[in-house]
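Overview (structure and organization)
In case you want the letters, here they are:
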Amino acid sequence: MEFFDREKELVYMQRILSQEPRNIIFIYGPINSGKTAFITRVLDQMESRKYAVFYFNLRGYQISRYDDILDIFFEIDDEAEGHDIKSYLSNITDVMAKLAENALFYATGLKIPVPKAVFDSIFKEKEKPRDAFNYIEVFFKKLVESGLRPIIAIDELQRMKGIKTNGEFIDDLFNFFVRLTKETHLSHAVAISSDCLFIEHVYGVSRLEGRARYFKIDDFDRHTAFRFYRFLGFPEDKFELIWDYLGGKIGDILALEQDFKAGFDIEEQLRIMLRDEQNRLKKVLKVAKVVPPAVVIRGEKKELSLRDIQALLVRFKERDEVDVDDVDEATLRFLVSENILFFDPLPGIVRPQSRLVHKAIKTLELRL
Ligand SMILES: Nc1ncnc2c1ncn2[C@@H]1O[C@H](COP(=O)(O)OP(=O)(O)OP(=O)(O)O)[C@@H](O)[C@H]1O
Ligand SMILES: [Mg+2]
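A count of helices and strands for the chain gives 17 helices and twelve strands. On C-alpha atoms alone, the chain measures out to a radius of gyration of 23 Å, which is about the 21 Å that the 2.2 N^0.38 rule sets for 368 residues. In terms of overall dimensions, the chain has a C-alpha envelope of 65 × 50 × 35 Å along the principal axes. Counting every position in the chain, which comprises 368 residues, the buried fraction comes to 50%. The contacts in the chain between residues at least 6 apart in sequence include a share of 74% that link residues at least 24 apart. Carbon and sulfur atoms form 47% of the exposed surface of the chain, whose accessible area is close to 18,500 Å².

Given below as structure tokens:
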């Protein structure tokens, strides 16, 4: 599939990355909007002569302990001898060449290289993330000295929720990212997530001010979506109908394209997609009726009733978005985690995750 549009966003992001690192970059947006495709595209286009890109997508990993994170981030160098970090990193060009060769061989991205002895003794036994972060900082410093600007990017950041070290790992990571960007200007730090409530919950808005820059990858607007429909070869006379069901949600549009190319009728497929979404919603409500969902807010467990959930959903029958200050936090947290609602921190609004979800909410009978 050819990459479509996002030109403005690509240019803007490349400009930010070509400057000195000053802030953490948060890429956010509703589910299936193309965040991963976008950041992958941006990073692929960064010149390898000038940038060392470390991109970690946490999707597909089982992450339940600190050790799991170490395994994702680090590449253990079995051939490197001893504990001497300085001498290991003194020939950074060789280290990077070997790293690049392995990445090519295993078809993975670059990881942080570390001598086995250092990994075993310093990181693992003490379980102190600061040691690991200090090591990365020294490594990045060497990269910068050798003329390479590191970029560290973590996709699906919310999957680090609940990983415990001395405290919460995510807190340590945030402090490390501040250190890399705002304090030392050594490396770019990019975090990608569709769960903005999590980002705010962990970091707190006040802590983020002046340290982070939000960057939204949203569903396509109407104009761009129509160009995309044309690009994919949908018949012109179906554009309005497709927009009515799917709007500019790239993931949904591509799902429809697959059916269309397989010879299925567009109208029929749209109805099926809507029915599936309605069924998903009904199931969430049905489960909530039997087992009231519980949400933990600032250490306090809150149980939700079906009534609370329906009351929030009903508000989207007549409108597209709701001010976050008018929404019960626990209920919102639940519906965001179920991928039904999306919270956009910049304007402070809540809206359905997609036009299809919105249509499902509107057409569903919600008894209060
Ligand atoms: N600009 C684009 N042009 C063409 N295809 C795209 C574009 N952006 C995304 N896609 C495709 O749309 C699908 C969804 O994109 P992607 O996985 O990047 O979304 P996401 O926002 O990361 O989703 P999630 O919230 O699940 O992490 C993918 O199959 C991807 O290849
Ligand atoms: Mg993604």
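Continuing now.
What follows is about the site of ligand 1. Ligand 1 sits among 15 residues. The nearest are Phe-4, Gly-34, Lys-35, Thr-36 and Ala-37. One of the backbone nitrogen or oxygen atoms of Phe-4 is found 2.8 Å away from a nitrogen atom of ligand 1. For ligand 1, whose accessible area on its own is 630 Å², the fraction buried by protein is 80%. More than half of the atoms of ligand 1 fall within 2 Å of the grid points belonging to the largest pocket. Elements represented by at least two residues in the shell around ligand 1 include exactly helix H2 (35-45) and helix H13 (250-261). Ranked by residue count, the leading element in the shell around ligand 1 is H2, at three residues. The class makeup of the residues in the shell around ligand 1 is seven nonpolar, four polar and four charged.

Taking strand neighbours across the sheet as the criterion, the three strands line up as S10-S12-S11 in an open arrangement whose pairing is antiparallel. Each end of this open sheet is capped by a strand with a single partner; those strands are strand S10 (322-323) and strand S11 (341-344). With four bridges connecting them, S11 and strand S12 (residues 349-352) associate as antiparallel partners. In the sheet register, Phe-343 faces S12, and the bridge partner there is Val-350.

Counting through the fold element by element, Asp-218 comes out in the loop between strand S7 (212-216) and helix H11 (222-232). Of the residues examined, Asp-218 reaches a relative accessible area of 18% and is grouped as buried. A polar side-chain atom of Asp-218 sits 2.6 Å from a polar atom in the side chain of Arg-351. The residues contacting Asp-218, other than those within four sequence positions of it, are Arg-6, Pro-30, Ser-33 and Arg-351.

Here the focus is the packing of aromatic side chains. Enumeration over the complete set of coordinates arrives at 26 aromatic pairs. Seen from their ring centres, Phe-56 and Phe-73 are 4.6 Å apart, and the 45° between their planes marks the pair as tilted. Here Phe-73 lies in helix H3 (residues 66-73) and Phe-56 lies in strand S2 (residues 51-57), a separation of 17 residues in the sequence. Pairing Phe-226 with Tyr-229 gives two aromatic rings, centres 5.4 Å apart and planes at 35°, and the pair type is tilted. One end of the pair, Phe-226, and the other, Tyr-229, are both in helix H11, three residues apart, so they sit about a helical turn from each other. Residue Phe-226 is classed as buried on the basis of its relative accessible area, which comes to 16%.

Below, the discussion takes up the pattern of salt bridges. Opposite charge on two side chains lets them pair, provided their charged atoms get close. Under the counting rule described, the total for this entry stands at 28 salt bridges. For Glu-47, the salt bridge identified is with Arg-49, shortest N-O distance 2.5 Å. Its relative accessible area of 63% is what places Arg-49 among the exposed residues. Measuring nitrogen to oxygen at the nearest pair gives 4.0 Å for the salt bridge that ties Arg-65 to Asp-68.

Moving on, we come to empty space enclosed by the protein. Overall, the coordinates contain one cavity of 30 Å³ or more when judged by the stated rule. Estimates place the volume of the largest cavity at around 30 Å³. For the largest cavity, the full set of lining residues is Tyr-66, Ile-69, Leu-70, Phe-73, Phe-74, Ala-132, Phe-133 and Phe-169. Among the elements of the structure, H3 and helix H7 (129-145) are those that each provide at least two residues to the lining of the largest cavity. Top element by residues in the lining of the largest cavity is H3. It accounts for four residues. Residue composition of the lining of the largest cavity, grouped by class: eight nonpolar, no polar and no charged.

A few words on the environment of Arg-159. Within the secondary structure, Arg-159 is located in the loop between strand S5 (149-155) and helix H8 (169-183). For the pair Arg-159 and Asn-57, spaced 102 residues apart in sequence, the C-alpha to C-alpha distance is 9.9 Å. If we ignore the near neighbours within four places in the chain, the residues touching Arg-159 are Leu-58, Arg-59, Gly-60, Tyr-61 and Ile-63. Polar contacts involving the side chain of Arg-159 include one to the main-chain carbonyl oxygen of Leu-58, which spans 3.3 Å.

Bringing the packing of H13 against helix H14 (residues 266-290) into the picture now. Between H13 and H14, the shortest axis-to-axis distance is 10 Å and the interhelical angle comes to 135°. One finds that H13 runs oblique with respect to H14. You can see that H13 and H14 cross each other, and the crossing is right-handed. Counted together, Asp-252, Ala-255, Leu-256, Asp-259 and Phe-260 of H13 and Ile-266, Gln-269, Leu-270 and Met-273 of H14 form the full contact between these two elements. Class assignment of the residues belonging to the contact of H13 with H14 gives a composition of six nonpolar, one polar and two charged.

Cut-offs applied
- Position numbers for residues start from 1 in each chain and track the written sequence from start to end.
- Each chain is given a letter, starting from A, and each ligand a number, starting from 1, according to the order in which they appear as written.
- For a predicted model such as this one, the threshold for reporting local features is a pLDDT of at least 70, and the threshold for listing and counting side-chain atom pairs is 80 or more; totals across whole chains, interfaces and linings nevertheless cover every residue.
- Heavy atoms from the whole structure form the basis of all side-chain values; hydrogens and water molecules are not counted.
- Secondary structure elements follow DSSP: runs of H or I no shorter than four residues count as helices, runs of E no shorter than two count as strands, and numbering proceeds from the N terminus.
- Two things to know: the radius of gyration comes from C-alpha atoms, and the globule rule equals 2.2 Å times the number of residues to the power 0.38.
- Only protein chains enter the accessibility calculation, which uses a 1.4 Å probe; a residue whose area is less than 20% of its type maximum is buried, one above 50% is exposed, and one in between is partly exposed.
- Throughout, a contact is declared for two residues whenever any of their heavy atoms are within 4.5 Å.
- Surface exposure here means Shrake-Rupley accessible area, sampled with a 1.4 Å probe, where a residue is shielded only by the protein chains that are shown.
- Consider each residue's heavy atoms; a residue with any of them within 4 Å of a molecule or strand counts as near.
- Pairing of N or O atoms within 3.5 Å defines a polar contact, subject to two protein rules: one partner must be a possible hydrogen donor and the other a possible acceptor, and residues neighboring in sequence count only if both atoms are side-chain atoms.
- Cavities and pockets were defined on a 1 Å grid built over protein atoms only: a cavity is a set of grid points that admits a 1.4 Å probe from which the probe cannot escape, a pocket is an open set flanked by protein on both sides within 12 Å along at least five of seven lines, and lining residues are those with an atom within 4 Å of any such point.
- In this scheme, a molecule is assigned to a cavity or pocket if more than half of its atoms are within 2 Å of the grid points.
- For this scheme, ten residues count as nonpolar: Ala, Val, Leu, Ile, Met, Phe, Trp, Tyr, Cys and Pro. Four count as charged, namely Asp, Glu, Lys and Arg, and the remainder, Gly too, count as polar.
- By the convention used here, strands pair only if DSSP detects at least 2 bridges between them.
- Aromatic pairs are defined between Phe, Tyr and Trp rings, using the six-membered ring for Trp, whenever the two ring centres lie within 6.5 Å; interplanar angles under 30 degrees are classed as stacked, those over 60 as edge-to-face, and all others as tilted.
- When a carboxyl oxygen of Asp or Glu is within 4 Å of a side-chain nitrogen of Lys or Arg, the pair counts as a salt bridge.
- Grid points are joined across faces, edges and corners, and a volume is the space filled by probe spheres set on the points.
- To obtain each axis, a line is fitted to C-alpha atoms, and for helices this fit is confined to the stretch in contact; angles are then taken between N-to-C directions over 0 to 180 degrees.
- Should an angle lie under 35 degrees it is considered roughly parallel, over 145 roughly antiparallel, and from 65 to 115 roughly perpendicular; all remaining angles are considered oblique.
- Two helices that cross are described as forming a left-handed crossing if the nearer one is turned anticlockwise from the farther one by less than a right angle, and a right-handed crossing if clockwise.

Treat this as a map of the structure, not an account of what it does.
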